[in-house]
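The chain contents come next:
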Amino acid sequence: MQRYIGRRLVQAVIVLLVMSAFVFAASRLLGDPVTMLLPMDAPEEARQQLRHELGLDRPLAAQYFDFVKDLAKGDLGVSVRARRPVAELLRDRLPNSVRLAAFSMLFAIPIALFLGVLSAVNRGKRLDQLSQVVAVLGQSMPAFWVGIVLIEIFSVRLDLLPAAGMGGISNFVLPGITLGLFAVAGLMRLIRSAMLESLEGEYVKLARIKGLSERVVVWKHALKNALVPAIGFVAVFFAVFLTAAITVEVVFAWPGIGRLAYEAITYKDYPLIQGVVLLMIAAVIIVNLIADIMYAYVDPRIRYS
Amino acid sequence: MNKVTSGKRYPLLIVTLVCVIAMTLASCSKSTTTTQTTTAKTTAVQTTSSIATTATTTAPPVSKGEFRIALSSFGDETLDPHLGATVRARYLDPLWDPLVGATADGKLDPASGIAEKWEMSADGKTITFYIRKGVKFHDGTELTAADVKYTIERLMTDKFSGYSYAPQVKSQVTTVDVVSTYVVAVNTKAPAPTLLYTFSNLAGAEGRVVPKAYIERVGNEAFNKNPIGTGPYQFDSQQIGSSIKYKAVANHWRVGVPVYQYLTFQLVPEESTRVAMLKSGQTDLIAGSADSAPDLLKAGYTLVSKDGAVSIGIHMYQQYDPGPLSDVRVRKALALSINRTDILQYVFGGAGKVASSYIVGSRSLGNDPSLKPYAYDPAQAKQLIEQSGNKGAKLKLYSYARNVKATTKVNEVLAQSWNDIGLNIEMIPIEYGSFYDNLWQKVLLQNSMSTHDLGGTLVQTGTLNSLHKSSAKQTFTKDPVFDKMHDEALTASNAVALEKKLGEISKYIYDNYLDNPIVEIADTFVGVKGLKPWSLGQSQYGLNLDLMYSRK
């Protein structure tokens, strides 16, 4: 297992390096950030001076070399807009996204598990059909709309929960549900499919023959095998929540990585764009590695060399 | 084993789960919001009761409660007043006093600035400022002429001279001399009456005097994170991407004891969320719009707006190049074919007025109220197109939304109107940032236009320069008559002469259809019920919050 993890880490570094070059080049295609930072009537000398100060007047190769050199030291540069180190901005905003993603998964996983198992056990019955409808609705309703509707109901009309911003646990509920709803739908369907397959297994028949209660058969024996594909799904979705929750973060004024990426692109803030994208890539790599390790734990048949 | 039996257990489990979730949600209290709601309501009442208390007893007033303002953007989100765009005035104004004071209706005012008096030399090349004694920075040190000199020289350094109105300071000022502890002389290359406006809150951030000793001790980066000024509020905390919080000083020379103990600016990009926060008591004032304001006002919320804050007009690029736009008949036709009244009514909900001038708008020096908006005469417009031989001429209309989203709707109306008079308009949707790059590289701009929103700034010499001066990189026009008039404005001997010259420029643009104004719309804010509205002032972005939290 250690060799496997080591190999994966080396691969991660290579991926990050390749992506850094791609991100570096792609962000330059957005145009000149100086035009967004200075007013329309700023003189040309001021623009040149700011380009010089930001290092944008040097050859691209020199800029990239410095970028990689600094990256190796953990220095992601300085945001051209906020004038703060990119690492500092990411450090401030990443925990907000992690907390929201974690809350969303805490909301989504138990509900999806419960509904998925229930649906599989009651296959073909009304409960199963209702769950399928819930799944389709959950996956088709846009997060933007869901968020605004939840705010209107729970914050404005019922005055139960805050409409936006970060704060106590109550601030997590609406954005967490909005973000988690899509995952509930997908995860529920995945668990249902996996459970249906699992319940047909010989070992389940054997467990029933042995006289184990249906609850133990379903929730201990069948579910454990059904969890294997679900782990990958959860890992992918956690990474998605971390990196692509832009609409939810905008609607709920949540100061996370998604909104930071949007602001960076709007202002053509190259260093920040590079930092955010590389962080997102690293997050996906790490989360997938954790998922692979969990696979091995859940399924003894899986062994890495 | 008996799936039917097992299945019967599940409904009970479902019911239990639903009950647990419902109870959990119901028990989740909006503790923060409840407190803030109470605070806001208490505060709204507080204002009246505090004044009443002061009138009848000798108890000294104290700052209480918190006032929260939800904005759609913080701009650069930097706290150093000289390190970013002018739009930050929305949240930076409470931290600093301007060197030159101004009244709410845009008149320079010695009573409300750091300089209690100023004098211009006979040749107009030196402005001497007499600094008010006893003004303290938030760290307790006194503001002196040395800080003013440091501030102006700082603005002229490479690091700070590109932002806001700093380029004008750098181009106009030669040296700054400390005459005595409280007297400073600013020397200029030529008479520069615009400097007085530049150093006020009416223009940008250049008039905010920063502490020399503090910055030299901690450095620019630390100052950006923990700024100190002389304003009625001092910096308390910032959560990047979320909020900025200030705390009232004990007693301020201009506003007295501020009404609210805390002032918090919340960053909430989505308008529907801001409205929800206002309705649910999570904030006290929101940046609104013509879409959201009418319903809120009907429900009893308070409107606080700045008329004429934004001008919507048409940019016509490279009019000096041979082509349809270089013909004044075509430009006149474009102007006469726009039904501005309908656009104001149906696109902007009537919130604003039809404009007669684009750059030198109703809030700007030199605005001529006798200039009437161009008439709506599509028949004449059609004739002009035919007379000029441009029937069927192809023109591009780049459609983007900069700060005002409704400009894309305006473009749809314009394209149809201009097609109706015989032109061939190609509307090209584009993201503003990408378009702006093309602007500077002069790519794809020939025979093209765009609808733009412009902030209503008091002194528009800068924008006039960048849009119409021959020497400017972005210029639409190359006209020696305009150039001469603009030079004369820049070297006007005093504010009266400056205003007169700007008026002449405005008339020249109007007569030659060099701009095409459409409407002026208000900057709209909506506050909690019972809030006493105040004038948002004449500055481009400032909220004139003095009138909200001042006891004087």
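Numbering of residues starts from 1 in each chain and follows the order in which that chain's sequence is written. The order in which chains are written sets their letters, starting at A; the order in which ligands are written sets their numbers, starting at 1. Reporting of local features is limited, given that this is a predicted model, to residues whose pLDDT is at least 70; pairs of side-chain atoms are given and counted only at 80 or more, and all residues count toward the totals for whole chains, interfaces and linings. By convention in this description, side-chain values take in all heavy atoms of the structure and omit both hydrogens and water.

K.L.:
Tell me about the overall build of chain B, and name the residues and values.
P.N.:
Check the secondary structure of chain B and you find 19 helices and 15 strands. Relative accessible area decides the class of each residue, using a 1.4 Å probe on protein chains only: under 20% of the type maximum gives buried, over 50% gives exposed, and in between gives partly exposed. Scored against the burial criterion, the 552 residues of chain B give a buried share of 58%. Only heavy atoms enter the contact rule, under which two residues are in contact if any of them lie within 4.5 Å. For chain B, long-range pairs separated by at least 24 residues make up 71% of all intrachain contacts whose partners lie at least 6 apart in sequence. Areas reported as accessible are Shrake-Rupley estimates using a 1.4 Å probe. Residue values count occlusion only from the protein chains shown. When the accessible surface of chain B is totalled, it reaches about 21300 Å², and 55% of it is carbon and sulfur. We count a stretch as a helix when DSSP gives it H or I for four or more residues in a row; a strand needs E for two or more, and each element gets its number in order from the N terminus.

K.L.:
Go over unusual backbone geometry with me, naming the residues and quoting the values.
P.N.:
All names here are of chain A. Positive phi values are uncommon outside glycine, yet Arg 83 reaches one of about 60°. Its location among the elements puts Arg 83 in the loop between α4 (60-72) and α5 (86-121). When its relative accessible area of 12% is taken as the criterion, Arg 83 is described as buried. Its identity as a non-glycine residue notwithstanding, Ala 253 has a phi of 50°, on the positive side. The residue Ala 253 is located in the loop between α11 (246-251) and α12 (257-266) in this model. Exposure remark for Ala 253: the relative accessible area of 3% places this residue in the buried category.

K.L.:
Give me the packing of helix α16 (residues 461-468) of chain B against helix α17 (residues 480-490) of chain B: which residues, what numbers.
P.N.:
Residue and element names in this part refer to chain B. Orientation is described by axes fitted as lines to C-alpha atoms, over the contacting stretch for helices, and by angles from 0 to 180 degrees between their N-to-C directions. The interhelical angle for the contact between α16 and α17, taken along N-to-C directions, is 155°, at an axis separation of 11 Å. Judged on the interaxial angle alone, α17 and α16 are roughly antiparallel. At the point where α16 passes α17, the crossing takes the left-handed sense. For the pair α16 and α17, the contacting residues are Thr 461, Leu 464, Asn 465 and His 468 in the first and Phe 482, Asp 483, His 486 and Leu 490 in the second. Roughly parallel refers to an angle under 35 degrees, roughly antiparallel to one over 145, roughly perpendicular to one between 65 and 115, and oblique to any angle outside these ranges. By convention, the crossing between two helices is left-handed when the near helix turns anticlockwise from the far helix through less than a right angle, and right-handed when the turn is clockwise.

K.L.:
Describe helix α7 (residues 143-157) of chain A, with residues and values.
P.N.:
Taking 1.5 Å of rise per residue, the 15 residues of α7 of chain A would be expected to cover 21 Å, and the 20 Å separating its terminal C-alpha atoms lies within 8% of that figure. Along α7 of chain A, the sharpest kink reaches roughly 25°, centred on Ile 151 of chain A. Regarding α7 of chain A, the residues found buried are Val 146, Gly 147, Leu 150, Ile 151, Ser 155 and Val 156 of chain A. In this structure, the buried residues of α7 of chain A make contact with α8 (170-199) and α11 of chain A together with α9 (271-279) of chain B. Any helix carries an expected span of 1.5 Å times its number of residues minus one. Here the bend at each residue means the angle between axes fitted to two seven-residue stretches, the one ending at that residue and the one beginning there.

K.L.:
An account of the side chain of His 138 of chain B is requested, with residue identities and associated values reported.
P.N.:
Residues and elements named next belong to chain B. On the secondary structure map, His 138 appears in the loop between β3 (126-131) and α4 (145-155). The definition of a polar contact used here is a pair of N or O atoms within 3.5 Å, where within protein one atom must be able to donate a hydrogen and the other to accept one, and adjacent residues in sequence count solely through side-chain atom pairs. Among the polar contacts made by the side chain of His 138, one reaches the main-chain carbonyl oxygen of Gly 231 at a distance of 2.9 Å. Each residue touching His 138, except ones within four places of it in the same chain, is listed here: Leu 95, Ile 228, Gly 229, Thr 230, Gly 231, Tyr 233, Gln 234 and Val 249.

K.L.:
So what about the sheet that holds β3 of chain B? Which residues, and what values?
P.N.:
All names here are of chain B. At least two DSSP bridges between two strands are needed for those strands to be called paired. The strand order β2-β3-β5-β4 describes an open sheet built from 4 strands, whose pairing is antiparallel. Looking at strand neighbours, the two that pair on one side only are β2 (115-120) and β4 (173-180), the edges of this open sheet. Averaged over neighbouring strand pairs, the angle between their axes works out to 20° when direction is ignored. Taken strand by strand, α4 contacts β3, β4 and β5 (183-188), and its axis lies near 170° from that of β4.

K.L.:
So what's going on with the pairing of strand β10 (residues 302-316) of chain B? Which residues, and what values?
P.N.:
Residue and element names in this part refer to chain B. Among the 15 residues that make up β10, 12 are buried, leaving the element largely enclosed by the rest of the structure. As paired elements, β10 and strand β15 (residues 516-527) share 10 bridges and run antiparallel to each other. When the sheet's bridge partners are listed, Lys 306 is paired in β15 with Asp 523.

K.L.:
So what about the interface of chain B and chain A? Which residues, and what values?
P.N.:
Note on interface size: it is often stated as the accessible area lost on association of the parts. Listed per partner, the contact involves 60 residues of chain B and 59 residues of chain A. Surface buried jointly by chain B and chain A totals about 5100 Å² across both partners, of which 58% is contributed by carbon and sulfur atoms. A side-chain nitrogen of Lys or Arg and a carboxyl oxygen of Asp or Glu constitute a salt bridge if their distance falls within 4 Å. Linking chain B to chain A there are 1 salt bridge. Between Glu 88 of chain A and Lys 225 of chain B there is a salt bridge; the shortest N-O distance is 2.9 Å. A quick way to say it: buried area is the sum, across both parts, of accessible area lost when two parts are put together, with a 1.4 Å probe.

K.L.:
Tell me what's going on with the confidence of the model for chain B, and back it up with residues and numbers.
P.N.:
All names here are of chain B. Taken residue by residue, chain B gives an average pLDDT of 86. The fraction at 70 or more is 89%. Segment residues 1-13 is flagged for pLDDT under 50; beyond a separation of four residues in sequence, or across chains, it makes 12 contacts in the model. Scored below 50 in pLDDT, residues 22-55 shows 39 contacts in the model against residues more than four places distant or in partner chains. Predicted as a complex, the structure gets a pTM of 0.83 and an ipTM equal to 0.84. Values of pLDDT, which run from 0 to 100, indicate the predictor's confidence residue by residue.

K.L.:
Account for the nonpolar core, naming residues and giving values.
P.N.:
Counting 126 residues, the largest nonpolar core has Met 195 of chain A together with Leu 99, Phe 129 and Tyr 246 of chain B as the members making the most contacts within it. Ranked by the residues each element gives to this core, the list is headed by α8 of chain A, at 15 residues. Tyr 246 of chain B has contacts with Tyr 91, Leu 92, Pro 94, Leu 95, Tyr 233, Gln 234, Phe 235, Asp 236, Gln 261, Tyr 262, Leu 263 and Phe 265 of chain B, leaving out every residue within four places of it along the chain. Counting residues in each nonpolar core, the second largest holds 34 residues, with Ile 314, Ile 385, Ala 393 and Val 404 of chain B among its members. Among buried residues, the Ala, Val, Leu, Ile, Met, Phe, Trp, Tyr and Cys ones that are joined through side-chain atoms within 4.5 Å form a nonpolar core.

K.L.:
Please set out the environment of Lys 478 of chain B residue by residue, giving values where relevant.
P.N.:
With respect to the element layout, Lys 478 of chain B can be found in the loop between α16 and α17. Taking the C-alpha atoms as reference points, Lys 478 of chain B and Gln 318 of chain B, separated by 160 residues in sequence, lie 8.4 Å from one another.

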